[in-house]
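Letter by letter, the chains look like this.
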Amino acid sequence: MKNFPQGLDRTEKYDKINKRLENKLIYGGKPMTKRERQILDWIIQDPMVTQETLAKRAGIARSSVAVHVSNLMKKGHIVGKGYILPEVGYVAVAGAVNVDIGGRSAGPLVGRDSNPGTVTVSMGGVGRNIAHNLRMLGVKVSLLTALGEDPNAGLVTESCQRLGIDLSRALHVPGGTTSSYLFLSDETGDMVLAVSDMDIYEKLTPAYFAHNQGFLNGASLVVADANLPAEALEYLASHCTAPLLVDPVSTVKSEKIRPILGKIHTLKPNRLEAESLSGVKITDRDSARQAAKVLLGTGLQRVFISLGEQGVFAADHEQDVWLPCCPAQPKSATGAGDAFAAALAWSFLEGEDLIGSARAANAAAIAVEGEKTINPDMSADAVQRRMQEQEEFNHE
């Protein structure tokens, strides 16, 4: 990720932000009026300046200054009270975090009995996995999710702190149960039975996201997964000024985003989710193009359809591209979609165009080469190397 040079004063840093805003590369806030820019410049010079002083400098009423300050907060140029300037180049991920508890029998399962085997506990959830991959890619990321009042909340917090994922805006539900997923596998590793407890996500209401509106608007990108309630997804799509990337999660949960497709910047469905949302059966490039056309016809800006071993089909309103799957030594496909979404988000911050973003998402095949959900070999350098390999291969 391209970072800002150290040692810049606040004005220089904000000038760099505005250059990216003008180039429409990474900054999600809406453009400012001349008066708003003038007031923001004064706030940058003196973050403790009063509205009375700002009114005198501008030659306008204090009530007018209050309106301009409110607009700057809504647009994400300042965050909260005290004229806090937004952090530079961060991604806000709104979605699920689970504690996955898995049991694997050492031999054939015997019903209604205690079976010897192994039990593992790990962190999961689409939103958390995307955030984890983003950290591996060097991106500053905050996770907006819900945590209960139980030991699992401590496990999640400890894990995120270790990874550098900001949880300061997570919703803590008194008496709540942190989302968990319990599964049982036979001796071959095939899942036999599972129970999921994800009711806590119903607490992620529009009011919760409204409380964090300034922070969301100040993000370079907001990533949401369809584990959120439909009302929350609709709120984000309607009120976020930052570009919104959505992961449908499953064909069932993708129905939550059907009404808001036209308000989304980037959609990341797999083949089945794209077929469900478009009504088009995808069998080849022409049918993938038709499915993308239907989705883009809603007003959606970009779509990246993950086709598994067949690669990725990407389209916007100007062009489309199909890229074959990157060569990989697959060990586990678990978490591949989350890495795909993270690579898309990373490429957006890097200013990549449609084809470059498709290459980045394709390069996230690194994920399947690990035995765990998150491959420790995931990094920006590794993705860039594979992007370069794809480009060279396509030119041959």
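Scroll up for the structure.
Residues numbered from 1 in each chain as written. Predicted model: local features only at pLDDT ≥ 70, side-chain atom pairs only at ≥ 80, totals over all residues. Heavy atoms only, no water.

J.: Just checking my understanding: could you explain the sheet that holds strand β9 (residues 221–225) for this structure?
T.: Note: strands within a sheet are paired through backbone hydrogen bonds, in either parallel or antiparallel orientation. Taken together, eight strands build an open sheet; the order of strands is β4-β1-β9-β10-β11-β12-β13-β14 and the sheet is mixed. Each having just a single partner strand, β4 (140–144) and β14 (320–323) make up the two edges of the open sheet. Note: strand β13 (residues 312–315) against β14, four bridges, orientation antiparallel. Paired with Ala315 across the two strands is Asp320, which belongs to β14. Helix-sheet contacts for helix α12 (residues 285–296) involve β11 (266–267), β12 (302–306), β13 and β14, and the interaxial angle to β13 is about 40 degrees. (Pairing = 2+ DSSP bridges. Helix = DSSP H or I, 4+ residues; strand = E, 2+ residues; numbered from the N terminus. Contact = heavy atoms within 4.5 Å. Axes fitted to C-alpha atoms, helices over the stretch in contact; angles between N-to-C directions.)

J.: What is the right way to read the packing of helix α2 (residues 34–45) against helix α3 (residues 51–58) from this model?
T.: Any two packed helices are characterised by how steeply their axes cross, that is the angle between the axes, and by the distance between the axes. Contact geometry for α2 and α3: axes closest at 11 Å, N-to-C directions at 130 degrees. The pairing of α2 with α3 is recorded here as oblique in orientation. Here α2 and α3 pass one another in a crossing that is right-handed. Within the contact between the two elements, α2 uses Arg35, Gln38, Ile39, Trp42 and Ile43 and α3 uses Leu54, Arg57 and Ala58. (Parallel < 35°, antiparallel > 145°, perpendicular 65-115°, else oblique. Left-handed = near helix turned anticlockwise from the far one by under 90°.)

J.: How should a negative patch on the surface be read in this particular structure?
T.: Taken together, the side chains of Asp197, Asp199, Glu202 and Glu231 make up a negatively charged region of the molecular surface. For Glu202, the position within the fold is in the loop between β8 (191–197) and α7 (206–211). (Patch = residues over 30% accessible without salt bridge, like charges linked within 9 Å, V, L, I, M, F, W, Y side chains within 5 Å. Areas by Shrake-Rupley, 256 points an atom, 1.4 Å probe, with all protein chains shown as cover. Salt bridge = Lys/Arg side-chain N within 4 Å of Asp/Glu carboxyl O. Lys, Arg positive; Asp, Glu negative; His and termini not counted. Charge placed at Lys NZ, Arg CZ, Asp CG, Glu CD.)

J.: When you look at the environment of Ala365 in this model, what are you seeing that I'm missing?
T.: In this fold, Ala365 is placed in the loop between α14 (354–363) and α15 (380–395). With 26 residues separating them along the chain, Ala365 and Ala339 place their C-alpha atoms 7.8 Å apart.

J.: Any chance you could explain the pattern of salt bridges here in plain terms?
T.: For side chains bearing opposite charge, pairing can occur when the charged atoms are close. Throughout the structure, instances matching the rule amount to nine salt bridges. Here Arg62 and Glu52 are joined by a salt bridge, their closest N and O atoms 3.2 Å apart. Placement of the pair is Arg62 in helix α4 (residues 62–74) and Glu52 in helix α3, with a sequence separation of 10 residues. If you follow the salt bridges from partner to partner, you end up with Arg285, Asp286, Arg289 and Asp320 in one network.

J.: Would you mind going over the nonpolar core with me for this structure?
T.: Generally speaking, a soluble globular protein has its nonpolar side chains buried in company with each other. Leu134 and Phe209 are the most contacted members of the largest nonpolar core, which has 96 residues in total. The element that contributes the greatest number of residues to this core is helix α13 (residues 336–349), accounting for 10 residues. Discounting residues that sit within four places of it in the chain, Leu134 has contacts with Val91, Val93, Val139, Val141, Ala342, Ala345 and Trp346. Counting 14 residues, the second-largest nonpolar core is a separate cluster that includes Ile44, Ala58, Val69 and Leu72. (Core = buried A, V, L, I, M, F, W, Y, C linked by side-chain atoms within 4.5 Å. Buried < 20%, exposed > 50% of the residue type's maximum accessible area, 1.4 Å probe, protein only.)

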